Amino acid sequence: MYLNDVKNVLIDVLNLGPAGEALTADSPLLGSLPELDSMAVVTLLGALEERFGIAVDDDDISASTFETLGSLAKFVEEKAA
């Protein structure tokens, strides 16, 4: 349910363009997308908070959150519930 919306936010924030459309739930993010550096993570989290009306605490975030597009979408879904 959240996968496409999270993917669209990711594409917008990282300016991935058409290449971002190829991302699937299993696509690795952190360490695989050069655009996703530490500053981009902060920007991305802000965009996700705004888009989905969620609040993300520093304690909520781990490397596993950004492991794949699917893990990030699941994280957003759980925060929005």
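For every chain, the first residue of the written sequence is number 1, and numbering continues from 1 along that sequence. Where totals are concerned, whole chains, interfaces and linings use all residues; where local detail is concerned, this predicted model gives features only for residues with pLDDT of at least 70, and gives and counts side-chain atom pairs only at 80 or more. Excluded from the side-chain calculation are hydrogens and water; included are all heavy atoms of the structure.

The chain is annotated in an unreviewed UniProt entry as Acyl carrier protein of Massilia agilis.

Trainee: An account of unusual backbone geometry is requested, with residue identities and associated values reported.
Mentor: For residues besides glycine, phi is generally negative; the peptide bonds are generally trans as well. Even without a glycine there, the phi angle at Asn-15 is positive, about 50 degrees. With respect to the helices and strands, the residue Asn-15 is situated in the loop between α1 (3–14) and α2 (38–52). Take Asn-15: its relative accessible area is 67%, and that puts it in the exposed class. Per the convention used, a helix needs a DSSP run of H or I reaching at least four residues, while a strand needs a run of E reaching at least two, with both numbered from the N terminus. The buried label goes to any residue with under 20% of its type's maximum accessible area, the exposed label to any with over 50%, and the partly exposed label to all in between, with areas taken from a 1.4 Å probe on protein chains only.

Trainee: Requested: an account of the nonpolar core, with residues and values cited.
Mentor: Take the buried Ala, Val, Leu, Ile, Met, Phe, Trp, Tyr and Cys residues and link them wherever side-chain atoms come within 4.5 Å; each set so joined is a nonpolar core. If you look at the biggest cluster of nonpolar residues, it comprises 25 residues, and the most contacted ones within it are Val-6, Leu-10, Leu-36, Leu-44, Leu-48, Phe-52 and Val-76. At the level of secondary structure, the elements contributing two or more residues to this core comprise α1, α2 and α3 (69–80). The biggest single contributor to this core is α2, with six residues. Contact partners of Leu-10, with chain neighbours within four places excluded, come to Asn-15, Leu-16, Leu-23, Leu-29, Leu-33, Leu-44 and Leu-69. Any two residues whose heavy atoms approach within 4.5 Å are treated as being in contact.

Trainee: Provide a residue-level description of α2, including the pertinent values.
Mentor: In a regular helix each residue adds 1.5 Å, so 15 residues correspond to 21 Å; α2 covers 21 Å between its end C-alpha atoms and thus fits that length. Within the sequence span of α2, burial applies to Ala-40, Val-41, Leu-44, Leu-45, Leu-48 and Phe-52. End-on view of α2: buried residues confined to an arc of 140 degrees, all on one side of the axis. In this structure, α2 carries Met-39, Val-42 and Glu-50 as exposed residues pointing more than 90 degrees from its buried face. On the buried face of α2, the contacting elements are α1 and α3. Expected helix span is given by 1.5 Å per residue-to-residue step, counting one fewer step than there are residues. Regarding the arc, it is the one traced by the directions from the helix axis to the C-beta atoms.

Trainee: Just give me the short version of the UniProt feature "domain: Carrier" (unreviewed entry) in the chain, but keep the residues and values in it.
Mentor: UniProt positions are given in the numbering used here, feature names are shortened, and annotations may be inferred rather than shown by experiment. Those places that UniProt annotates as "domain: Carrier" (unreviewed entry) correspond, in this numbering, to residues 1–80. Annotation note: span residues 1–80, helix share 49%, strand share 0%, distance between end C-alpha atoms 12 Å.

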